Amino acid sequence: MSQSNVEVEEFAFQAEINQLMSLIVNTFYSNKEIFLRELISNASDALDKIRYLSLTDKTVLDSNSDLKIDIIPDVANKKLVIRDTGIGMTKTDLINNLGTIARSGTKNFMQAIKEGVEDISMIGQFGVGFYSAYLVADKVTVVTKSNDDEQYIWESEAGGHFTVQRDINGQPLGRGTQIILYMKEEQTDYLKERTIKDLVKKHSQFIQYPISLEITKEEEVDDDSATDKKSDTSDAPKVEEVDEDEEKKKTDKKKKKVEKKEWEQLNKTKPLWLRNPKEITKDEYGAFYKSLTNDWEDHLAVKHFSVEGQLEFRAVLFVPKRAPFDMFESRKKPNNIKLYVRRVFIMDNCEDLIPEWLSFLKGIVDSEDLPLNISRETLQQNKILKVINKNIVKKAIELFQEISENKEDFNKFYEAFSKNIKYGIHDDSTNRDKLAEFLRFNSTKSATEMTSLKDYITRMKEGQEFIYFVCGESKKAVEESPFLESLKKKGLEVLLMSDPMDEYAMQQLKEFEGKKFKNITKEGLDLSTDEEEKKKQEELTKANEQLCTVIKDTLGEKVEKVATSQRLSSSPCVIVTGEFGWTANMERIMKAQALRNSGMGSYMTSKKTLEINPTHPIVTELRKKVEKDKSDKTVKDLVWLLYETALLTSGFNLDEPNTFASRIHRMIKLGLAIDETETEADKPEDDIPALEEEGGDANEMEKVD
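Residues numbered from 1 in each chain as written. Predicted model: local features only at pLDDT ≥ 70, side-chain atom pairs only at ≥ 80, totals over all residues. Heavy atoms only, no water.

## Observations concerning the packing of helix 18 (residues 545–555) against helix 22 (residues 633–649)
In a packed pair of helices, the relevant descriptors are the angle between the two axes and the axis-to-axis distance. The following threshold applies: Orientation is described by lines fitted to C-alpha atoms, with helices fitted over the stretch in contact, and by angles between N-to-C directions that extend from 0 to 180 degrees. Numbering of helices and strands runs from the N terminus; a helix is a DSSP stretch of H or I covering at least four residues, while a strand is a stretch of E covering at least two. Throughout this description, any angle smaller than 35 degrees is read as roughly parallel, any larger than 145 degrees as roughly antiparallel, any in the 65 to 115 degree range as roughly perpendicular, and the remainder as oblique. For this analysis, residues touch if any pair of their heavy atoms sits within 4.5 Å. As a working rule, the residues Ala, Val, Leu, Ile, Met, Phe, Trp, Tyr, Cys and Pro are called nonpolar, Asp, Glu, Lys and Arg charged, and the rest polar, with Gly in that last group.
It is at 10 Å that the axes of helix 18 and helix 22 come closest, and there the two elements cross at 80 degrees. The pairing of helix 18 with helix 22 is recorded here as roughly perpendicular in orientation. Here helix 18 contributes V550, I551, T554 and L555 to the contact with helix 22, which in turn contributes V635, K636, V639, W640 and Y643. Partitioning the contact of helix 18 with helix 22 into residue classes produces seven nonpolar, one polar and one charged.

## Quick word on the side chain of T163
Quick note on the threshold: Relative accessibility thresholds used throughout: buried, under 20% of the residue-type maximum; exposed, over 50%; partly exposed, between the two (1.4 Å probe, protein chains only).
With respect to the helices, strands and loops of the structure, T163 is situated in strand 6 (residues 161–166). A relative accessible area of 16% means that T163 is categorised as buried. Not counting residues within four places of it along the chain, the set of residues in contact with T163 comprises V8, E9, E10, I153, W154 and E155.

## Looking at the nonpolar core
The condition that has to hold: Throughout this description, the term nonpolar core refers to a set of buried Ala, Val, Leu, Ile, Met, Phe, Trp, Tyr and Cys residues connected via side-chain atoms within 4.5 Å.
V319, F400 and F413 are the most contacted members of the largest nonpolar core, which has 74 residues in total. Top element by residues in this core is helix 10 (residues 383–404). It accounts for nine residues. Formed by 53 residues, the second largest nonpolar core is a distinct cluster that contains L36, I71, M89 and L266.

## Describing helix 18
For the record, the criterion: The arc in question is formed by the directions pointing from the helix axis toward the C-beta atoms.
Residues of helix 18 that are buried include every one of L547, C548, V550, I551, T554 and L555, and no others. The arc enclosing the buried residues of helix 18, seen along the axis, measures out at 160 degrees, which places them on a common side. Within two residues after helix 18, G556 carries a phi angle of roughly 60 degrees, on the positive side.

## Topic: the side chain of E611
Filter applied, for reference: N or O atoms within 3.5 Å of each other form a polar contact, as long as, within protein, one can give a hydrogen and the other can take it, and as long as residues adjacent in sequence are counted only when both atoms are side-chain atoms.
Here E611 is to be found in strand 23 (residues 608–612). Taking relative accessible area as the criterion, E611 reaches 9% and is therefore assigned buried. Only 2.8 Å separates the side chain of E611 from the side chain of S565, close enough to count as a polar contact. Residue contacts for E611: discarding those within four places in its chain leaves A563, S565, Q566, R567, L568, P572, C573, V574 and V576.

## Quick look at unusual backbone geometry
Here the phi dihedral of K78 falls at roughly 55 degrees; this positive angle occurs in a residue that is not glycine. Following the sequence through the fold, K78 ends up in the loop between strand 2 (69–74) and strand 3 (79–84). A relative accessible area of 31% places K78 in the partly exposed class. With a phi close to 60 degrees, A673 is a non-glycine residue in the positive phi region. Tracing the backbone through its elements, the reader meets A673 in the loop between helix 23 (657–671) and helix 24 (676–681). Accessibility expressed as a relative area gives 70% for A673, which makes it exposed.

## Concerning the packing of aromatic side chains
Threshold: Between 30 and 60 degrees the pair is tilted, below 30 it is stacked and above 60 it is edge-to-face, where a pair is any two Phe, Tyr or Trp rings, Trp via its six-membered ring, whose centres lie within 6.5 Å.
On inspection of all chains with the given rule, the structure shows 26 aromatic pairs. Seen from their ring centres, F410 and F413 are 5.8 Å apart, and the 40 degrees between their planes marks the pair as tilted. Remark: F413 and F410 occur in helix 11 (residues 407–427); sequence separation between them is three residues, near one turn of the helix. There is no split in this pair, since F410 and F413 are both buried. With a centroid separation of 5.9 Å and an interplanar angle of 25 degrees, the aromatic rings of F410 and Y414 are classed as stacked.

## Quick notes on a nonpolar patch on the surface
How we decide: The residues that make up patches have over 30% relative accessible area and no salt bridge, and they are joined within 9 Å when like-charged or within 5 Å when they are Val, Leu, Ile, Met, Phe, Trp or Tyr. The accessible surface values rely on the Shrake-Rupley method and a 1.4 Å probe; as for residues, cover is taken only from the protein chains in view. Salt bridges are defined by distance alone: a side-chain nitrogen of Lys or Arg within 4 Å of a carboxyl oxygen of Asp or Glu.
Taken together, Y52, L53 and L55 make up a surface patch of nonpolar side chains, about 360 Å² in accessible area. Here L55 lies in helix 2 (residues 34–56).

## What to know about the sheet that holds strand 17 (residues 466–471)
Rules: Two strands pair if DSSP finds at least two bridges between them.
Strand order in the open sheet made by the six strands is 16-15-18-17-20-19, with mixed pairing throughout. Of all the strands in the sheet, the pair left with one neighbour each is strand 16 (446–452) and strand 19 (511–512). By the bridge criterion, three bridges tie strand 15 (residues 440–443) to strand 16 in an arrangement that is antiparallel. Opposite F441, over in strand 16, you have T451 as the bridge partner.

## What about the pattern of salt bridges?
Summed over the entire model, instances satisfying the criterion amount to 30 salt bridges. With a shortest N-O distance of 3.9 Å, D66 and K68 are connected by a salt bridge. With a relative accessible area of 27%, K68 lands in the partly exposed category. In this structure, a network of salt bridges that share partners links the residues D66, K68, D70 and R83.

## Re the packing of helix 18 against helix 21 (residues 617–628)
Running from N to C, helix 18 and helix 21 point in directions that differ by 85 degrees, and their axes come no closer than 9 Å. Here helix 21 runs roughly perpendicular to helix 18, going by the angle between their axes. Contacts between helix 18 and helix 21 involve Q546, L547 and V550 on the former and, on the latter, V619, L622, R623, V626 and E627. For the contact of helix 18 with helix 21, the residue count by class is five nonpolar, one polar and two charged.

Shown next, in the form of structure tokens:
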């Protein structure tokens, strides 16, 4: 019985599917490549189904026990064949699954398109991925054989109808499905071996069944026909002179090129995350990391885990050895975690998968629970994603804890990713206390080696209430800060912070293990330890009341108040900021922001307090001068000079550097005994204001008139 005599049944597509087909055929989407991902995923699902049935009935595999997916490009005929040995479809399945029954997935997908979702790559997530074949093909033929029915052919050119007929003359499949795509003229690039290999590697390299591509290789073989024609049938022996060049030419002529078909497996990288972590070697993790990230270096640490219960997913997280150069670039990809659903790649830019401060982590997450009929927009808000996020953060912190057990590894980690830890403290209130354990700082008692907050607490003096710290522009600047003077003298350890991220982190980190933090550049620092010391401080405050009043009157609104200081021992004065608002260092950081909100500075800039050291010789002499004559001009000059030098040593910028320079120059002249009038005479004429003269000048002006 010939194929032409077989009854061909014609069916109309259900209305929604007809709309979908029309949309796909007329689409201008650039990412048409997803058709291959969808068809391979469907093939994998079919293989899963037959494997599941075989667990209870092994005879279902009698028709073909080899579970695989084959891809056969036919460049000459512009055809692409995708074949699997899965469960196959009966005639009823063909009609129901590929066209006539309204499926919720189709309706949902069409609704999403109408709502302006311009991403056709989510088609498979609605269970209608098969129709993506029409992105690249004019006509699609499906040949399928189920154990429960005969072999059938489904065919459609997406014109509103499809045909189904029994396959009499076709090659028997045994079991499974073969999809033949008749490629559009402009889509033949998808028949190239390199293109197919790249697409499978990108989207389907972790499918658990072997995906093989039929490739064409050229090789040289002996041309037996040419040799036969020249062979001599005479039995008489001949003696010939052998010319090597001639012989070589003859040898070359005897070769010919022939095309040879071979199968090449494309997904050799097995889904490592599905294996037991105890059975995986360090080298295997290293190879997997490099294939996943294209990094030339090995990873620093790895965390391989699975979560079971209400939610099921597996993940492998890697910490690289070095930070990427664009880690905090605003336009870079949100993260380096690839999201798979049942080993099929979905996306690698899911912002809700991990928080931004963990964006340096690389790896994969493979979920069994994420529904496939979910758009990317809905995916961002999905509750399952939030649970995955929470678990990834928890496991990442465990991984950092493991790294911290090896001092050398942790030093590398902290050097590369300390900013991320501090960003996490600022951003993640839930895990703030856990992340604080990973912080490391230099201190006044450990200048060469960084100390942890736990170690700091073990060295705290008896009765010490606070963890003291100071922030500044550089390590050198904070080491020589005048704010440290009294604390060093009293033997109190101070943490030295010079990373701009420290300011942000410390705004949120209020305490650690019951000990509050104290910024020594802010007001409210009380270092009095006993009654006698407090009494002495009160006496000094009272003795300098008049001087403080004169300084405040001189400086006006430049400072909020003037007070005697407990924190100084060798510097004459310092400027401290209010308990709330920016420190000097934070003010400097904010001013450096190119796109900052300039209005914020007006209410965040902290009020300044000038603290004077009552025991310093300069302050003592200044007090005597004030007591003698508080309107003395030199007092005002000295007050301004002290204020401006205090601004610099306290980490502020000068508003009027030229005025400050003029005061310094005047001091230098006094030191060198240079008369002020001499330097005035040396000034250029343009700088000297014109003097009115009697007589001559008036006559000259009259002449001009």
